[in-house]
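# Coordinates in review
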Amino acid sequence: MLGDIIKPIEKELHAVNNIVEKEMFIRSDHIGRYAHLEFSYRDQVIRPALVILSSRIYGYTGEKALYLACVFQFTHMASMVHKFIPEKDTDYIREDSDPRDGSQFPILVGDYLYGKGFSFLYNAGMSNFMGPIAEIVCRIHEGGILKNRIKGNNPASEAYREVVRKETAELFAGCAAIGARLAGASAEQQEIMRRLGISIGMASGIMERGAAAKYAIVYLEEAMAVLRNVPDLEERYILEQIIKNLISHNIFKRRMVI
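Residues numbered from 1 in each chain as written. Predicted model: local features only at pLDDT ≥ 70, side-chain atom pairs only at ≥ 80, totals over all residues. Heavy atoms only, no water.

On to the overall build of the protein chain. In terms of helices and strands, the protein chain carries 10 helices and two strands. Helices (α) and strands (β) of the protein chain occur, in sequence order from the N terminus, as α-α-β-β-α-α-α-α-α-α-α-α. For 258 residues, the compact-globule estimate of 2.2 N^0.38 gives 18 Å, and the protein chain sits close to it at 18 Å. Summarising its shape, the C-alpha atoms of the protein chain cover approximately 60 × 45 × 30 Å along the three principal directions. Within the protein chain, contacts between residues at least 6 apart in sequence are counted, and of these 75% link residues at least 24 apart. Side chains of the protein chain give 32 positive and 32 negative charges; the mean places of these two sets differ by 4 Å. (Helix = DSSP H or I, 4+ residues; strand = E, 2+ residues; numbered from the N terminus. Rg over C-alpha atoms; globule rule 2.2 N^0.38 Å. Contact = heavy atoms within 4.5 Å. Lys, Arg positive; Asp, Glu negative; His and termini not counted. Charge placed at Lys NZ, Arg CZ, Asp CG, Glu CD.)

Next up, the structure:
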């Protein structure tokens, strides 16, 4: 179980969740009333865990890693809110309709969450990461645009993989690479972590889209190979177990389909 694997950083993840949840309120109103913010346990912890583990591998255990993890979680939440906004514009007019299913309020909630992320960077003294994270946000939106231009849903196609990389994997890559950068890792070490994040993110994105398990497993095997270049510490072992957990999940899924 993923919860058992990440138990060594449970305290940190709990702190991240508390910080994020506190920002979900505008006065006494929870923004979940205005946009769908239901996330699985895996979706709540995997990106923050990647940030925390990546920074720890290279020697950083300070509070900034928690705030950076929050930034990536805000970014993910915002992207998911915007991703499921109806293509046809709708306004919340009737009191008996659900504002979460329209476009007006979810757009505002998504923008609010993106703004929270950048506000956290500024307030935590990490303004130097604003540029790289803004670029990731741009790629996420590029992926959304490209998705509407491709025909079919073929996981083997280059166009499909490009959408997955932009919409999902680039954020994972940022979690790993910027987490390492926070710790003062070298450019070469940051690149290793970026490749690790891309591989995990590609697998996660393919899984989310319901493609055949074999397409995700290829990327998880790549992640395991990249991980051999990471310092041999407890955090690397935890990352290895996370990847193996994703592999076993995919194998189980494939058996269920068969």
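Attention shifts here to the packing of helix 8 (residues 187-208) against helix 9 (residues 213-227). Relative orientation of the contacting elements helix 8 and helix 9 amounts to 160°, with a least axis distance of 8 Å. For the element pair helix 8 / helix 9, the angle class is roughly antiparallel. For the pair helix 8 and helix 9, the sense of crossing is left-handed. Contacts between helix 8 and helix 9 involve I192, R195, L196, S199, I200, M202, A203, I206 and M207 from the former and Y215, A216, Y219, L220, E222, A223, V226 and L227 from the latter. Residues that form the contact of helix 8 with helix 9 fall into these classes: 14 nonpolar, one polar and two charged. (Axes fitted to C-alpha atoms, helices over the stretch in contact; angles between N-to-C directions. Parallel < 35°, antiparallel > 145°, perpendicular 65-115°, else oblique. Left-handed = near helix turned anticlockwise from the far one by under 90°. Nonpolar A, V, L, I, M, F, W, Y, C, P; charged D, E, K, R; others polar.)

Each disulfide consists of one covalent bond between the sulfur atoms belonging to two cysteines. Evaluation of the coordinates by the stated rule reveals zero disulfides. The thiol of C138 is not disulfide-bonded; the next cysteine sulfur, from C175, is found 17 Å away. On the basis of relative accessible area, C175 is assigned to the buried category, the value being 0%. (Disulfide = S-S within 2.5 Å. Buried < 20%, exposed > 50% of the residue type's maximum accessible area, 1.4 Å probe, protein only.)

A few words on helix 2 (residues 10-22). Three- or four-residue spacings in an α-helix give side chains the same orientation, since the helix completes a turn every 3.6 residues. Taking 1.5 Å of rise per residue, the 13 residues of helix 2 would be expected to cover 18 Å, and the 18 Å separating its terminal C-alpha atoms lies within 8% of that figure. Among the residues of helix 2, those classed as buried are E12, L13, V16 and V20. Buried residues of helix 2, viewed axially, fall in a sector of 95°; they line one side. Within helix 2, the exposed residues directed more than 90 degrees away from the buried face are K11, H14 and K22. In this structure, the buried side of helix 2 is in contact with helix 3 (41-57) and helix 4 (64-83). (Expected span 1.5 Å × (residues − 1). Arc of directions from axis to C-beta.)

With that settled, consider the nonpolar core. One finds I6, L68, F72, L113, L196 and I242 to be the most contacted residues of the largest nonpolar core, which totals 81 residues. Setting aside chain neighbours within four positions, we find I6 in contact with L13, Y41, V45, I238 and I242. (Core = buried A, V, L, I, M, F, W, Y, C linked by side-chain atoms within 4.5 Å.)

Within this structure, the stated rule accounts for 16 salt bridges. Here D43 makes a salt bridge to R47, at a shortest N to O gap of 3.0 Å. In this pair, D43 and R47 both sit in helix 3, four residues apart, roughly one turn of the helix. Taking relative accessible area as the criterion, D43 reaches 15% and is therefore assigned buried. Linking E167 and R209 is a salt bridge whose minimum nitrogen-to-oxygen distance equals 2.7 Å. Pair noted here: E167 is in helix 7 (residues 158-182) and R209 is in the loop between helix 8 and helix 9, with a separation of 42 residues, a long-range link. (Salt bridge = Lys/Arg side-chain N within 4 Å of Asp/Glu carboxyl O.)

For the rest of this paragraph, the subject is the packing of aromatic side chains. Overall, the coordinates contain three aromatic pairs when judged by the stated rule. Grouped by ring-pair contacts, the aromatic residues Y67, F74 and F120 constitute a single cluster. (Phe/Tyr/Trp six-rings, centres within 6.5 Å; stacked < 30°, edge-to-face > 60°.)

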